[in-house]
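Working through the structure, step by step
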Amino acid sequence: MDVLVTLLRLSAGLSVVLLVGLIYIWGRNYLVFRSKYAAGLLVFAGLLLLQTGLTTYFYAFHPVVSGWIANPELVHPLPLLVMSSAQVLELAGIALVVWISWD
Amino acid sequence: MEAVLWYVFIGTRGGENRARLLRALANRPRNPNQLADDLDLDYTTIRHHLDVLVENDVLRNSGDEYGAIYLPTDRARANWETVERIIEQVE
């Protein structure tokens, strides 16, 4: 349980950091190329940043909700497992995009 | 080709320098040393960008063992409208 909550928080937080990096790359390129492709990438990364940022805030920092998610009496282990796994996979996907874009 | 072509310039950190490099080579094929001088970039940076562009079939080298020059591939030429739109944007 504890491990799953930690994984969920860490992978969401790390995703935020990586997305800021992607927005930096794509934002600079948008300023240079003024292309709809660069704008599309920026919007995509911005929406994902909104989602992972809210997840990180509520599950790691929110004074009330962060306590609920860590309380096994309130959260069934199955949805927690699924949510954690999805967040870790999302982090892997974002990391892959960072890897190909950092070149 | 179109997707690779735009991502390698517009999606990546080194895209701007790659566009400058391709524009220089479209005007006149050159070797890495000449490119480093003309674009005022580090030789290893030039090498890296050339390798990426060759890997993605945007550039090819003339095949000479020493001082090989680089030029756009037929594939890049076939998509030249896209290429021009990209390279016109950089300083």
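This is a predicted model, so every value here is computed, not measured.

Turning our attention to the overall build of chain B. Scanning chain B for helices and strands turns up 6 helices and 2 strands. The secondary structure elements of chain B, listed N-terminal to C-terminal, are α-α-α-α-β-β-α-α. By the compact-globule yardstick of 12 Å for 91 residues, chain B fits well, its C-alpha radius of gyration being 12 Å. In terms of overall dimensions, chain B has a C-alpha envelope of 30 × 25 × 20 Å along the principal axes. By residue count, 47% of the 91 residues in chain B fall in the buried class. Look at the contacts in chain B between residues 6 or more apart in sequence, and 54% of them connect residues 24 or more apart. With an accessible surface of roughly 4800 Å², chain B has 41% of that area assigned to carbon and sulfur atoms. Distance between charge centres in chain B, computed from 11 positive and 16 negative side chains, equals 1 Å.

With respect to the secondary-structure elements, Leu5 of chain B resides in helix H1 (residues 2-11). Every residue in contact with Leu5 of chain B, bar those within four places of it in the chain, is listed here: Val58, Asn79, Thr82, Val83 and Ile86 of chain B.

Okay, the interface of chain B and chain A next. Across the boundary between the two partners, chain B contributes 17 residues, which contact 16 residues of chain A. Buried area between chain B and chain A, summed over both chains or domains, comes out near 1500 Å², and the portion from carbon and sulfur atoms is 57%. Looking only at chain B, the three residues that lose the most surface to chain A are Tyr7, Ile10 and Arg13 of chain B, adding up to 45% of its buried area. Linking chain B to chain A there are 1 salt bridge. Remark: the boundary between chain B and chain A carries 9 residue pairs in polar contact (both at pLDDT 80 or more).

With that out of the way, let us pick up the confidence of the model for chain B. Residue and element names in this part refer to chain B. When pLDDT is averaged along chain B, the result is 91, and 97% of the positions lie at 70 or above. Confidence, read as mean pLDDT per element, is least for H1 in chain B (88) and greatest for helix H4 (residues 43-55) (95). Here the complex is predicted with pTM 0.89, and the ipTM for its interfaces comes to 0.84.

Before going further, it helps to examine the side chain of Thr56 of chain A. All names here are of chain A. Within the secondary structure layout, Thr56 lies in helix H2 (residues 36-61). The buried category is assigned to Thr56, whose relative accessible area is 12%. Within the local environment of Thr56, its side chain forms a polar contact with the backbone oxygen of Ala12, the two atoms lying 3.4 Å apart. A polar contact is formed between the side chain of Thr56 and the backbone nitrogen of Gly13, at a distance of 3.4 Å. Setting aside chain neighbours within four positions, we find Thr56 in contact with Ala12, Gly13, Val16 and Phe61.

Conventions adopted
Position labels on residues start from 1 in each chain and follow its written sequence. Numbering of ligands from 1 and lettering of chains from A proceed in the order in which they are written. In keeping with the predicted nature of the model, local features appear solely for residues at pLDDT of at least 70, side-chain atom pairs appear and are counted solely at 80 or more, and the whole-chain, interface and lining totals rest on all residues. Hydrogens and water are ignored here; the side-chain numbers use all heavy atoms of the structure. Secondary structure elements are defined from DSSP: runs of H or I of at least 4 residues count as helices, runs of E of at least 2 residues count as strands, and each element is numbered from the N terminus. Computation of the radius of gyration draws on C-alpha atoms, with the globule rule given as 2.2 Å multiplied by the number of residues to the power 0.38. Each residue gets one of three labels from its accessible area relative to the maximum for its type: buried under 20%, exposed over 50%, partly exposed in between, using a 1.4 Å probe on protein chains only. For this analysis, residues touch if any pair of their heavy atoms sits within 4.5 Å. Here the Shrake-Rupley method, with its probe set to 1.4 Å, supplies the accessible areas, and only the displayed protein chains count as covering residues. The convention is simple: Lys and Arg are positive, Asp and Glu are negative, and His and the chain ends are not counted. Every charge is mapped onto a representative atom, which is NZ of Lys, CZ of Arg, CG of Asp or CD of Glu. What gets called buried area is simply the loss in accessible area from a 1.4 Å probe that two parts show on being joined, summed for both. Within this document, salt bridges are pairs made up of a side-chain nitrogen of Lys or Arg and a carboxyl oxygen of Asp or Glu, the two lying within 4 Å of each other. N or O atoms within 3.5 Å of each other form a polar contact, as long as, within protein, one can give a hydrogen and the other can take it, and as long as residues adjacent in sequence are counted only when both atoms are side-chain atoms. Note on scores: pLDDT gives the predictor's confidence for each residue, bounded by 0 and 100.

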